[in-house]
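A look at the structure
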Amino acid sequence: MKREQTEVLIVGLGPVGAALGVYLGRMGVSAIAIERDRHVYPLPRAAHLDHETMRLLHLAGGAEAVAAASQPLSAYEFRNAAGELLMGFTPGGELAPTGWPFSSMFHQPTLEHALRARLAEMPSVSTRLGHALKGYEVAGEGIVAEVEGESGVYEVAARFIIGCDGGNSLVRRSAGIALDDMGFDEPWLVIDTVLQNGVTRLSTVGLQHCDPARPVTSMPMAPGRHRWEFMLLDGETPEDVTSDEAIAAMLAPYAGAASLDIERRAVYRFHALVAEKWRQGPVILAGDAAHQMPPFMGQGLCSGTRDAANIAWKIEAVLRGRADESLLDSYQAEREPHVRMITEMAVSMGKVVCTRDAEEARLRDEGMLAQPEDARMKGMMTLQGIATGILAGGGAVFPDPGHGAARLDDAAGYAPILIVREDCEAARAFADAGGFTVLCRDLPDPQGYLAMLLGDAPAVLVRPDRYVFGIGEAAVLTAAWAHYLASGVAGAPAAAA
Ligand SMILES: Cc1cc2nc3c(=O)[nH]c(=O)nc-3n(C[C@H](O)[C@H](O)[C@H](O)COP(=O)(O)OP(=O)(O)OC[C@H]3O[C@@H](n4cnc5c(N)ncnc54)[C@H](O)[C@@H]3O)c2cc1C
């Protein structure tokens, strides 16, 4: 059988596989990226992206297309059956410190087309649509996979296989990696609609109707689209709720007289699952293959994008011999707590929404309404950075000093960044080794984000995935960066701030 050789085999070109392919391609890593379907999945799944994800997708070439066809959310509210506000979130301003809107309501196929177009420009990545993974075996330090394409089955030998192949991941199942169930499993009917007569939106507010009689979600999507989700009641089957009559009856109180076309009606089970291992030797999982969460935080795709941005630079460093393979162990160590934290939040929001018992709902309302309204209405959640891992005292999400204009992200690309007050030997050596070095005074900082971050410190080093690595002396930071890459050992050295 024909055998091809590559450094990385990416399985699945959903948004996570495509973003990962672009990151690897930008660093010149050779990869074969296979996707069993010939076309992008045409129906939207994710509707919401946060500002951090937009920034990471910008580095992968996907954010501009999304921004051109998205709309911001003015609030995300949870209301009881009587319409009273139980809790809610509003954006803290037009743009988050990353320079992107706090939340963008978007159209997932638009993003996927843009990412695939960028991927096609990567000379080191071979993209193969209509090619499916059939199976693989670990062989020596890598894997040998069997792939079925249009002209038959062939083998791919690779140092790493990355399963971006979704919730039912064959890569994960073949490795025998189990999923940890975080205790949520509820059936919901998702109805996506296309608004007629040039109407672009019915509302700018995302709403959870926490009505125990039937919990309902109402969500603006990209301009011209709106989604409703209805929880299935005990004993209801998908067939019961997907008929034209059932849908018309459910939509009537919410859609009113709006003229709309139904684009999709489907029953999904909302799960909370996390893979027990995200890497097993040369086998790595990312995106839905590694974790699935209920959509109440709109964070599934956002989390998968963070996975891709986290693992790509580590793989490149290992492949180029700059880092020990143990660096890859920091992937799960950094990402899993973040995903679990978000999943727990999504599950607890889901439990507020999915309360079906009338008495429980009454007690829930009583408890939540006892809080003053301003305590129930918060700023749009800004997620924490990472607490442990390849860090020298950092871990926060790095703001883009240009704040939407003259983005540092544009100049630096997907690379580590060293910002220094004064030119120095360490800064020059960092640039020679492929890092992006820039002088503080050359960066516009209209909001003062950089000044605030630096304080009196002479330098900040930022990882390619835009977490702050550390703040302190440039020579100390660059030495710690090189040390951690080489040893893969996580933790903060005493010398860095
Ligand atoms: C109703 C709903 C609402 C959601 N809302 C949000 C939201 O608002 N915000 C958010 O961030 N997330 C949301 N999500 C989650 C988001 O859609 C997913 O997390 C995201 O699509 C996962 O991307 P992925 O690339 O990991 O997997 P997928 O998009 O599932 O892509 C996997 C790809 O792998 C391919 N594949 C599978 N097996 C093979 C094989 N053997 N060989 C080759 N290719 C293969 C598949 O064809 C597919 O293209 C929502 C999901 C749902 C269902």
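Residues numbered from 1 in each chain as written. Predicted model: local features only at pLDDT ≥ 70, side-chain atom pairs only at ≥ 80, totals over all residues. Heavy atoms only, no water.

**A word on the packing of helix α8 (residues 300–319) against helix α9 (residues 329–353)**
We count it as follows: To define axes, lines are fitted to C-alpha atoms, for helices over the stretch in contact only, and angles between the resulting N-to-C directions are given on a 0 to 180 degree scale. Secondary structure counts use DSSP, requiring at least four H or I residues in a row for a helix and at least two E residues in a row for a strand, with both numbered from the N terminus. Under this scheme an angle from 65 to 115 degrees is roughly perpendicular, one under 35 degrees roughly parallel, and one over 145 degrees roughly antiparallel; angles in between are oblique. We call two residues contacting when some pair of their heavy atoms lies within 4.5 Å. Charged means Asp, Glu, Lys or Arg here, nonpolar means Ala, Val, Leu, Ile, Met, Phe, Trp, Tyr, Cys or Pro, and polar covers whatever is left, Gly included.
One way to put it is that α8 packs onto α9 with a least axis distance of 10 Å and a crossing angle of 170 degrees. Between α8 and α9, the angle falls in the class roughly antiparallel. Between α8, through Ser 303, Arg 306, Asp 307, Asn 310, Ile 311 and Lys 314, and α9, the contact on the second element is made entirely by Ser 330, Tyr 331, Glu 334, Arg 335, His 338, Val 339 and Ile 342. Split by residue class, the contact of α8 with α9 holds four nonpolar, four polar and five charged.

**Here we look at the sheet that holds strand β12 (residues 179–195)**
The strands that make up a sheet pair up through hydrogen bonds in the backbone, lying either parallel or antiparallel. Selection criterion: One bridge is not enough; two strands pair if DSSP finds at least two bridges between them.
Strands sit in the order β19-β16-β12-β15-β14-β13-β5-β6-β20 across an open sheet of nine strands; the sheet is mixed. Lying at the two open borders of the sheet, with one neighbouring strand each, are β19 (291–292) and β20 (377–379). The sheet contact formed by strand β14 (residues 216–220) and strand β15 (residues 225–231) spans five bridges and is antiparallel. Pairing of Pro 220 across the sheet is with His 226, part of β15. In this fold α9 packs onto β5 (75–80), β6 (85–90), β12, β13 (205–210), β16 (260–275) and β19, with an angle of close to 65 degrees to the strand it touches most, β12.

**Quick look at the site of the ligand**
Our working definition: A molecule or strand has a residue near it when one of that residue's heavy atoms lies within 4 Å. Polar contact criterion, stated in full: a pair of N or O atoms within 3.5 Å, where within protein one must be able to donate a hydrogen and the other to accept it, and residues adjacent in sequence count only if both atoms are side-chain atoms. Working definition of accessibility: Shrake-Rupley area with a 1.4 Å probe, residue cover restricted to the visible protein chains.
In the neighbourhood of the ligand, 30 residues make up the surrounding shell, with Glu 35, Arg 45, His 48, Asp 288 and Leu 301 lying closest. Within the backbone of Arg 36, one N or O atom sits 3.2 Å away from a nitrogen atom of the ligand. Taking Arg 45, its side chain carries an N or O atom lying 2.8 Å from an oxygen atom of the ligand. Contact with the protein chains covers 89% of the free accessible surface of the ligand, which is 1,000 Å². Of all the secondary structure elements, the ones that give two or more residues to the shell around the ligand are α1 (15–26), β9 (132–139) and α8. The dominant element in the shell around the ligand, judged by the number of residues it contributes, is α8, at three residues.

**Quick look at the pattern of salt bridges**
Quick reminder of the rule: Salt bridges are defined by distance alone: a side-chain nitrogen of Lys or Arg within 4 Å of a carboxyl oxygen of Asp or Glu. Each residue's exposure class comes from its accessible area (1.4 Å probe, protein chains only) as a fraction of the maximum for that residue type: buried when under 20%, exposed when over 50%, partly exposed otherwise.
Taken as a whole, this structure holds 35 salt bridges when the rule is applied. Linking Arg 306 and Asp 50 is a salt bridge whose minimum nitrogen-to-oxygen distance equals 2.7 Å. Residue Arg 306 is found in helix α8, and its partner Asp 50 is found in strand β3 (residues 48–50); the two are separated by 256 residues along the sequence. Relative accessible area serves as the criterion here: at 3%, Arg 306 is assigned to the buried category. Asp 365 serves as the salt-bridge partner of Arg 364, at 2.9 Å between the closest nitrogen and oxygen. As far as the burial class goes, Arg 364 and Asp 365 line up, both buried. A single network of salt bridges, built from pairs that share partners, joins Glu 141, Arg 159, Arg 279, Glu 325 and Asp 329.

**Regarding the sheet that holds strand β7 (residues 103–105)**
Across the sheet, which stays open at both edges, the three strands sit in the order β3-β7-β4 with antiparallel pairing between neighbours. This sheet does not close on itself; its edge strands, each paired only once, are β3 and β4 (71–72). Two elements, β4 and β7, share two bridges in a ladder whose sense is antiparallel. Of the residues in β7, the one forming a bridge with Gln 71 is Met 105. Contacts between helix α2 (residues 51–59) and the sheet are confined to β3 and β7, with β3 contributing the most and set at about 85 degrees to the helix.

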